[in-house]
Amino acid sequence: RASVKVERMPIVFLGSPEERKRIQLEIAKTGKPLIIYQVTEDGVEKKLSLSPSSVFGLLTAFDMDVLTVIHHKLFEARKTIGSCPETMRLWISEFPKIMRLSSCGDLYDRIQDSIKRISETDIYHENFVKVKEGPGKPLNIYHEASLKILLYMGTNKEMIETSAGIRMRKIYIDIAIPEWHRNNINNGYTTEFDPGIYFSLSNDRARRLYRVLEIIRYEPVVLLPYSKLNSELSLQVLENNQRNRALKRSLDPLVQIGYLTGYKLLDNQVSVSFSQIK
């Protein structure tokens with residue numbers, strides 16, 4: 001089931017800026033997409049790869065934050081109108097409130113660049129991405145070899161009047177949601193994350209780990225292979241002692257906020273204990 005959900009795609013790079021630059025340079029030199037997942041099961045090859053934005057580069061932890069806000073707004077819209085909208089207007093001023101950040105012009109610019117970076121990232125798959133087109137319908141391999149998470153449509157400003165009677169210009173961004181993505185949101189195959197929990201975590205890897213764990217929070221205790229965590233948290237380039245330290249720094253905040261009751265680092269996997277299950 002790993003391929004069902006867009007949030008399970010390890011498309012966000014959490015390593016160092018230097019490593020990010022090295023990977024981007026390698027992609028530019030070869031002209032080939034970056035393979036981020038490849039396995040053969042029952043004689044069938046499953047592959048996931050991506051081509052980052054030529055202007056903005058690989059997706060970063062900040063893009064994961066922006067996507068969390070966008071998905072939150074899409075789920076709100078679905079609850080209000082009954083389905084995920086084909087297009088959505090995103091008011092930039094709402095992002096800092098949800099992300100628990102101070103509003104400033106630089107932050108607004110980063111959010112706009114992030115949405116463009118997400119839009120310009122091309123994802124390719126072979127037998128990886130599945131979609132569900134309606135209630136009671138089976139999951140099927142997505143028929144297109146390439147896909148996007150969202151499409152940037154443009155930025156503009158609108159004059160509005162506040163409750164205090166003050167007129168001001170507010171910036172908004174219009175996006176379009178591809179059909180495959182809307183189908184999975186409408187049919188419960190995209191996970192709704194709690195922005196309150198997510199943005200209470202200051203560690204980028206802890207935030208990513210929360211997203212990984214929230215998808216599988218159906219048993220009191222879950223075992224996660226190190227290979228999966230290394231991929232999800234971009235730990236491959238670290239030495240073993242640094243890797244364990246980074247992993248503990250990702251797990252400890254989740255224990256501190258009460259999301260996990262504890263964890264154990266075993267020989268080949270990590271055992272995590274949830275405080276509540278779905």
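Per chain, residue numbering runs from 1 following the sequence as it is written. A pLDDT threshold of at least 70 governs which residues receive local features in this predicted model, and a stricter bar of 80 or more applies before side-chain atom pairs are shown or counted, although totals over entire chains, interfaces and linings include all residues. Side-chain calculation: all heavy atoms of the structure are included, whereas hydrogens and water are not.

Caption draft 1: Structural view of the sheet that holds strand S3 (residues 87-91). Here a strand pair is declared whenever DSSP counts at least two bridges between the two strands. Helix numbering and strand numbering both begin at the N terminus, where a helix is a DSSP run of H or I of at least 4 residues and a strand a DSSP run of E of at least 2. The strand order S3-S9-S8 describes an open sheet built from three strands, whose pairing is antiparallel. The open sheet has two free edges, formed respectively by S3 and strand S8 (151-161), since each of these has just one partner strand. Ignoring which end each strand starts from, the neighbouring axes of this sheet average 30 degrees apart. In what follows, a contact means two residues having at least one pair of non-hydrogen atoms within 4.5 Å. To obtain each axis, a line is fitted to C-alpha atoms, and for helices this fit is confined to the stretch in contact; angles are then taken between N-to-C directions over 0 to 180 degrees. Packing of helix H4 (residues 105-119) onto the sheet brings it into contact with S3, S8 and strand S9 (167-176), and relative to S8 it is tilted by some 155 degrees.

Caption draft 2: The arrangement of helix H9 (residues 240-256) in detail. Here a helix's expected span is defined as the number of its residues, less one, multiplied by 1.5 Å. The terminal C-alpha atoms of H9, which comprises 17 residues, lie 24 Å apart, in line with the 24 Å expected from a rise of 1.5 Å per residue. Residue exposure (1.4 Å probe, protein chains only): buried if accessible area is under 20% of the type maximum, exposed if over 50%, otherwise partly exposed. Listing the buried residues of H9 in full gives Arg243, Ala246, Leu247, Ser250, Leu251, Pro253 and Leu254. For H9, the buried positions fall inside an angular range of 155 degrees around the axis, keeping them on one side. Along H9, the residues that are exposed and aim more than 90 degrees away from the buried face are Asn241, Arg249 and Gln256. Here the arc refers to the directions that run from the helix axis out to each C-beta atom.

Caption draft 3: Quick look at the nonpolar core. Core analysis: the largest hydrophobic core is formed by 71 residues, its most contacted members being Met9, Ile11, Ile70, Phe95, Ile115, Ile175 and Leu213. Top contributing element to this core by residue count: helix H2 (residues 61-81), with 10 residues. Dropping the residues within four chain positions of it, Ile175 is found in contact with Ile70, Glu86, Thr87, Met88, Leu90, Ile115, Leu150, Leu151 and Met153. Residues belong to a common nonpolar core when they are buried Ala, Val, Leu, Ile, Met, Phe, Trp, Tyr or Cys residues joined through side-chain atoms within 4.5 Å.

Caption draft 4: Local environment of the packing of H2 against helix H7 (residues 204-215). Interaxial distance between H2 and H7 falls to 10 Å at its minimum, and their mutual angle equals 45 degrees. Put simply, H2 runs oblique to H7. In the packing of H2 onto H7, the handedness of the crossing is left-handed. When H2 is examined against H7, the residues Ala61, Met64, Asp65 and Thr68 are found in contact with a partner set consisting of Asp204, Arg207, Arg208 and Arg211. Put simply, Ala, Val, Leu, Ile, Met, Phe, Trp, Tyr, Cys and Pro go in the nonpolar bin, Asp, Glu, Lys and Arg in the charged bin, and everything else, Gly too, in the polar bin. Class assignment of the residues belonging to the contact of H2 with H7 gives a composition of two nonpolar, one polar and five charged. Just so you know how the angles are binned, under 35 degrees is roughly parallel, over 145 roughly antiparallel, 65 to 115 roughly perpendicular, and the rest oblique. Note on convention: near helix rotated counterclockwise from far helix by under a right angle means a left-handed crossing. Clockwise means right-handed.

Caption draft 5: Looking closely at the pattern of salt bridges. What counts as a salt bridge is simple: a side-chain nitrogen of Lys or Arg found within 4 Å of a carboxyl oxygen of Asp or Glu. For the coordinates displayed, the defined rule picks out 16 salt bridges. Among the salt bridges present, the one from Glu214 reaches Arg217, with a minimum N-O distance of 2.9 Å. Take Glu214 and Arg217: they sit in the same class, and that class is buried. Taken together, the shared-partner salt bridges connect Glu19, Arg22 and Glu26 into one network.

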